[in-house]
Amino acid sequence: DIQMTQSPSSLSASVGDRVTLTCRASQTISTYLNWYQQKPGKAPRLLIYATSSLQSGVPSRFSGGGSGTDFTLTISSLQPEDFATYYCQQSYSIPVYTFGQGTKLEIK
Amino acid sequence: QVQLQESGPRLVKPSQTLSLTCTVSGGSISSDDYFWSWIRQPPGKGLEWIASIYYTGTTYNNPSLKSRITISVDTSKNHFSLTVGSVTAADTAVYYCARVSGSGTRRFDPWGQGTLVTVSS
């Protein structure tokens with residue numbers, strides 16, 4: 001199975017900061033990587049698919065990059081509504097999908 | 001736009017079977033372009049993919065859950081279902097249903113709101 005490891009597990013930041021979250025795959029997954037945002041008590045929301053494609057309706061301050069085993073999600077200028085937990089998910093080894101353990105982004 | 005809604009019992013006794021249904025509205029479950037999936041999240045923990053199904057009935061299960069899982073589809077009712085057999089407290093989770101794009105980088109979108117299922121006597 002492909003394991004997905006996110007770092008850090010939690011991160012404190014301030015409104016206006018630029019933050020980068022990292023996701024590492026246990027083997028190459030090309031660019032078959034998606035990112036989701038989850039707020040407490042809510043379902044996850046797709047932010048970015050295929051490593052760097054922005055889902056419709058997602059603000060342009062979100063961007064994704066990487067390939068192979070190492071991927072990033074960057075928020076260029078944190079807004080109050082961005083404080084949430086973020087998950088990466090690989091779809092290389094379909095039909096088996098795996099998620100990272102999440103990064104909780106908290107207000108400093 | 002397409003919306004998904006989970007339904008089913010919120011409390012299940014240990015060793016019994018958990019059954020959930022996901023009703024799809026605003027679109028047909030019989031689309032060639034999508035799969036349909038179940039994902040769960042134990043309280044305070046991360047996301048685990050459970051199973052996926054195509055409208056033709058082709059299924060894919062998470063190997064870690066082995067043979068306890070059954071996913072099925074009813075195209076006439078535009079819904080799909082999940083059963084988990086021989087449940088234990090470890091099966092307590094919020095269960096989500098989601099649509100999966102059938103081509104390119106497959107991704108889960110949209111999701112249902114989720115339903116918390118508790119396994120307890």
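Look up a bit, the structure's there.
Structure report, in brief. (Residues numbered from 1 in each chain as written. Chains lettered and ligands numbered in written order. Predicted model: local features only at pLDDT ≥ 70, side-chain atom pairs only at ≥ 80, totals over all residues. Heavy atoms only, no water.)

### Here's the deal with the sheet that holds strand β8 (residues 79–84) of chain B
Residues and elements named next belong to chain B. Overall, antiparallel pairing links the 4 strands, which are arranged β1-β3-β8-β7 in an open sheet. Looking at strand neighbours, the two that pair on one side only are β1 (3–7) and β7 (69–74), the edges of this open sheet. In this sheet, adjacent strand axes meet at a mean angle of 20° when their direction is disregarded. Two elements, β7 and β8, share 6 bridges in a ladder whose sense is antiparallel. By the bridge assignment for β8, Ile 69 is matched with Val 84. (Pairing = 2+ DSSP bridges. Helix = DSSP H or I, 4+ residues; strand = E, 2+ residues; numbered from the N terminus. Axes fitted to C-alpha atoms, helices over the stretch in contact; angles between N-to-C directions.)

### Observations concerning the pairing of strand β5 (residues 48–53) of chain B
All names here are of chain B. Within β5, 5 of the 6 residues are buried, which leaves it mostly tucked inside the rest of the structure. Once strand β4 (residues 34–41) ends, the chain turns through 6 residues before running back antiparallel as β5, passing Gly 44 with a positive phi of about 75°. Relative to strand β6 (residues 59–61), β5 runs antiparallel, the two being bridged by 3 bridges. Across the sheet, Ile 53 pairs through a bridge with Thr 59, a residue of β6. A loop of 5 residues connects β5 with β6, the two strands running antiparallel in sequence, and Gly 57 in this loop sits at a positive phi of about 105°. (Buried < 20%, exposed > 50% of the residue type's maximum accessible area, 1.4 Å probe, protein only.)

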